[in-house]
2 protein chains.
Amino acid sequence: MERYCNKLKAGGLKLTPRRLAIIGLFVDHNTHFTAEDIWSRLQKRFSRCGLPGVYRNLESLVECGILTRIQQFDRKKHYGLCAGSHHHHHITCIRCGKVDNIEDCAFDSAKKIKGYTVVSHFIQVNGVCGGCAKAAPHRDRVWGKGMFVCSEK
Amino acid sequence: MERYCNKLKAGGLKLTPRRLAIIGLFVDHNTHFTAEDIWSRLQKRFSRCGLPGVYRNLESLVECGILTRIQQFDRKKHYGLCAGSHHHHHITCIRCGKVDNIEDCAFDSAKKIKGYTVVSHFIQVNGVCGGCAKAAPHRDRVWGKGMFVCSEK
DNA sequence: CCTCCAAATAGAAATAACTTCTATTTATAT
DNA sequence: ATATAAATAGAAGTTATTTCTATTTGGAGG
Ligand SMILES: [Mn+2]
Ligand SMILES: [Mn+2]
Ligand SMILES: [Zn+2]
Ligand SMILES: [Zn+2]
């Protein structure tokens, strides 16, 4: 927690109760959350807190390097603690929506592709997590109708 | 074009002027378009065509296997002709927004990751296309403020 | 050709996930 | 303690779709 307070200060951000609570949620659960996830969990302690406030804080925490943001295919932004801010990707459970880091990235950024100069890349893996695999077999979560669920196979 | 008409019929879809015009646009330009791209290009010929109609048609064309849909980080869906419907990924120019197919995929779907059973994966590469690299150097396109522009490096 | 009807179309309204705006409060350096 | 830049709340706005409710129309069958 010390570490995060320092990052806040370094970024010129105040240590508000709200922010500390949000960081606390990420530390305690060690997982990725959407703005709404955070918002609903804050309700108990900060009943007068709206979604705009949550977004503002999450973005501030991204800017000062405490959180990373990933855009998922459910069209939502998901936030999680920066894994030392080193390059990594994510795997998502198609049943429960859990997100985990994938630490090693095999992508070769130096390779030329179709005349493009590669600037960045993004890898998203979908799967079924251990917990959901053990649970009673049921249909995989159906995302929004027009939702792109990644190239199968 | 014959080939696409057959796919339409096979999918139980009518050969309407609208649909043939949309397919024509993809064939002529051989690139990926958003619904709005298509809509603005249809205006000359079909002045009374709204965006909902374009979306409906694009989704029908995806369903019958004529188009593929990819969700880009600008939060828009982009559509393109199916490359024989074989597994492929995409590279996007961060300056002009052009999308090209990447035909060979090195991802190992068999590898177990963090206890997950891998179901699918998605790779998105961002870069600068040949045309934009030759053009006068200017700042890279700035996507929406909170936009995820993929892990740099 | 003509008829019919499932499918397609149009336009308005609704939705989801944010983002921006304006006014009011608060953390913190001095 | 004060001053002030930053944070907060709630309302309103935005964007990219999606849904809804009539109103046409492509094309199979006669
Ligand atoms: Mn992560
Ligand atoms: Mn493609
Ligand atoms: Zn799961
Ligand atoms: Zn380009």
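Residues numbered from 1 in each chain as written. Chains lettered and ligands numbered in written order. Predicted model: local features only at pLDDT ≥ 70, side-chain atom pairs only at ≥ 80, totals over all residues. Heavy atoms only, no water.

S.K.: In this structure, what is going on with the protein's contact with DNA strand C? I would like to understand it.
M.R.: Inspection of the region around DNA strand C gives 19 residues, with A:Tyr55, A:Lys76, B:Arg18, B:Arg19 and B:Arg48 positioned closest. Backbone atoms, meaning sugar and phosphate, make up 69% of the atoms of DNA strand C lying within 4 Å of the protein. In this structure, a phosphate oxygen belonging to DNA strand C sits 3.1 Å away from a side-chain N or O atom of B:Thr16. Counting residues per element, the ones that place at least two in the surface near DNA strand C are α4 (51-63) of chain A together with α2 (17-29) and α4 (51-63) of chain B. (Near = heavy atom within 4 Å. Polar contact = N/O pair within 3.5 Å; in protein donor to acceptor, adjacent residues only side chain to side chain. Helix = DSSP H or I, 4+ residues; strand = E, 2+ residues; numbered from the N terminus.)

S.K.: Can you walk me through the interface of chain A and chain B in this structure?
M.R.: Where interface size is quoted, it is often the accessible area lost as the parts come together. Contacts between the two partners involve 48 residues from chain A and, on the opposite side, 49 residues from chain B. Taking both partners together, chain A and chain B bury about 4100 Å²; carbon and sulfur atoms supply 55% of that area. Taken as a group, A:Arg75, A:Tyr116 and A:Phe122 account for 18% of the area that chain A buries against chain B, more than any other trio of residues on that side. Applying the counting rule to chain A against chain B returns zero salt bridges. At 12 residues, the largest contribution of residues to the side of chain A that touches chain B is made by strand β6 (residues 117-128) of chain A. Split into classes, the residues belonging to the side of chain A that touches chain B amount to 20 nonpolar, 17 polar and 11 charged. (Contact = heavy atoms within 4.5 Å. Buried area = accessible area lost by both parts, 1.4 Å probe. Salt bridge = Lys/Arg side-chain N within 4 Å of Asp/Glu carboxyl O. Nonpolar A, V, L, I, M, F, W, Y, C, P; charged D, E, K, R; others polar.)

S.K.: Looking at this model, I keep getting lost on α4(A). Mind explaining?
M.R.: Since one α-helical turn is 3.6 residues long, residues separated by three or four positions face the same way. All names here are of chain A. With 13 residues, α4 should cover 18 Å at 1.5 Å per step; its first-to-last C-alpha distance of 18 Å lies within 8% of that length. Along α4, the residues that are buried comprise Gly-53, Val-54, Asn-57, Leu-58, Ser-60 and Leu-61. The arc that holds every buried residue of α4, seen down its axis, measures 160 degrees, which confines them to one face. Facing away from the buried side of α4 by more than 90 degrees, the exposed set consists of Pro-52, Arg-56 and Glu-63. Against the buried residues of α4 lie α1 (2-10), α2 (17-29), α3 (35-42), β2 (67-71) and β3 (77-81). Where α4 terminates, the next one or two residues include Gly-65, which has phi positive at roughly 85 degrees. (Expected span 1.5 Å × (residues − 1). Buried < 20%, exposed > 50% of the residue type's maximum accessible area, 1.4 Å probe, protein only. Arc of directions from axis to C-beta.)

S.K.: Quick question: what am I supposed to make of the environment of A:Ser120 here?
M.R.: Locating A:Ser120 in the fold gives a position in strand β6. Separated by 91 residues in sequence, A:Ser120 and A:His29 place their C-alpha atoms 29 Å apart.

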